[in-house]
Amino acid sequence: MEDSKLSYQIIRGAIEVHRALGPGLLESAYQECLQYELSEYGLYVEREKPMPIVYKEVRLNHGYRMDLLVEGRIVVETKTVEALTDVHFAQLLTYLKLGQFRLGLLINFHVTLLKEGISRVLNPELKNSA
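This report concerns the structure included in the present document.

1. Re the overall build of the protein
Step number 1: Along its length, the protein carries 3 helices and 7 strands.
Step number 2: If you list the helices and strands of the protein from N to C, you get α-α-β-β-β-β-β-α-β-β.
Step number 3: In terms of overall dimensions, the protein is globule-like: its C-alpha atoms have a radius of gyration of 14 Å, near the 14 Å expected for 130 residues.
Step number 4: Taken over 130 residues, the protein has a buried fraction of 38%.
Step number 5: Contacts in the protein between residues far apart in sequence, at least 24 positions, make up 57% of those at least 6 positions apart.

If you want it as structure tokens, here you go:
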């Protein structure tokens, strides 16, 4: 499945979760429900996927964890904040770079209309690759 079709499925699932639950819950609740929803679509979803840091020859299991990794290639970071900040985008971009992933979605469930809480982020090192 192409990244654009896969990201559409992820966004569709997030909208379904948001419609059912609305804003106001903990981030972990949205993560678990989104994982369930995407699994129901037949997608392979890993939750709290460890993201080690590799520095030269040293692998540091520093405790970073991606919220969701869908089909082994799209990183989904969920938030429940008043507003997304540069730090949230930097976090997602770091995961994209460390894991050599091309596309990530930053989804803030603490909004009235979910489309206002979705941001698509491309890895600038890989955005032109297929």
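And the narrative resumes.
2. Comments concerning a nonpolar patch on the surface
Step number 1: Together, Tyr55, Val58 and Leu60 make up a nonpolar patch on the protein surface, roughly 280 Å² of accessible area in all.
Step number 2: Residue placement: leucine 60 occurs in strand β3 (residues 58-60).
Step number 3: Under the relative-accessibility criterion, leucine 60 is labelled partly exposed at 35%.

3. Quick notes on the sheet that holds strand β7 (residues 118-122)
Step number 1: The mixed open sheet is built from 5 strands, whose spatial order is β1-β4-β5-β6-β7. A single partner strand is all that each edge strand has here, and the edge strands are β1 (45-50) and β7. Direction aside, the axes of adjacent strands within the sheet are offset by 30 degrees on average.
Step number 2: Here strand β4 (residues 65-70) runs beside strand β5 (residues 74-79); their pairing, made up of 3 bridges, is antiparallel. Residue pairing for β5: valine 70 is matched across the bridge by isoleucine 74.
Step number 3: Helix α1 (residues 3-21) rests against β4, β5, β6 (103-108) and β7 of the sheet, and its axis sits at about 15 degrees to β6.
Step number 4: Where helix α3 (residues 86-99) meets the sheet, its contacts fall on β4, β5, β6 and β7, and the angle it forms with β5 comes to roughly 155 degrees.

4. As for the packing of aromatic side chains
Step number 1: Taken as a whole and judged by the stated rule, the model has 1 aromatic pair.
Step number 2: An angle of 5 degrees between the planes, with centres 4.4 Å apart, marks the rings of tyrosine 30 and phenylalanine 109 as stacked. Linking tyrosine 30 in helix α2 (residues 27-40) with phenylalanine 109 in the loop between β6 and β7, this pair joins segments that are 79 residues apart in sequence.
Step number 3: You can call tyrosine 30 buried: its relative accessible area is 0%.
Step number 4: Look at phenylalanine 109 and you get buried, because its relative accessible area is 0%.
Step number 5: The ring of tyrosine 41 is capped by arginine 12, whose NZ or CZ atom sits 4.1 Å from the centre of that ring.

5. Digging into the environment of valine 75
Step number 1: Relative to the elements of secondary structure, valine 75 occurs in strand β5.
Step number 2: Note on valine 75: relative accessible area 0%, which makes it buried.
Step number 3: Residues valine 75 and leucine 93 lie 18 residues apart in sequence; the distance between their C-alpha atoms is 9.6 Å.

So, how was this worked out
- Residues numbered from 1 in each chain as written.
- Predicted model: local features only at pLDDT ≥ 70, side-chain atom pairs only at ≥ 80, totals over all residues.
- Heavy atoms only, no water.
- Helix = DSSP H or I, 4+ residues; strand = E, 2+ residues; numbered from the N terminus.
- Rg over C-alpha atoms; globule rule 2.2 N^0.38 Å.
- Buried < 20%, exposed > 50% of the residue type's maximum accessible area, 1.4 Å probe, protein only.
- Contact = heavy atoms within 4.5 Å.
- Patch = residues over 30% accessible without salt bridge, like charges linked within 9 Å, V, L, I, M, F, W, Y side chains within 5 Å.
- Areas by Shrake-Rupley, 256 points an atom, 1.4 Å probe, with all protein chains shown as cover.
- Salt bridge = Lys/Arg side-chain N within 4 Å of Asp/Glu carboxyl O.
- Pairing = 2+ DSSP bridges.
- Axes fitted to C-alpha atoms, helices over the stretch in contact; angles between N-to-C directions.
- Phe/Tyr/Trp six-rings, centres within 6.5 Å; stacked < 30°, edge-to-face > 60°.
- Lys NZ or Arg CZ within 6 Å of the ring centre and 35° of its normal.

Keep in mind these values describe shape, not function.
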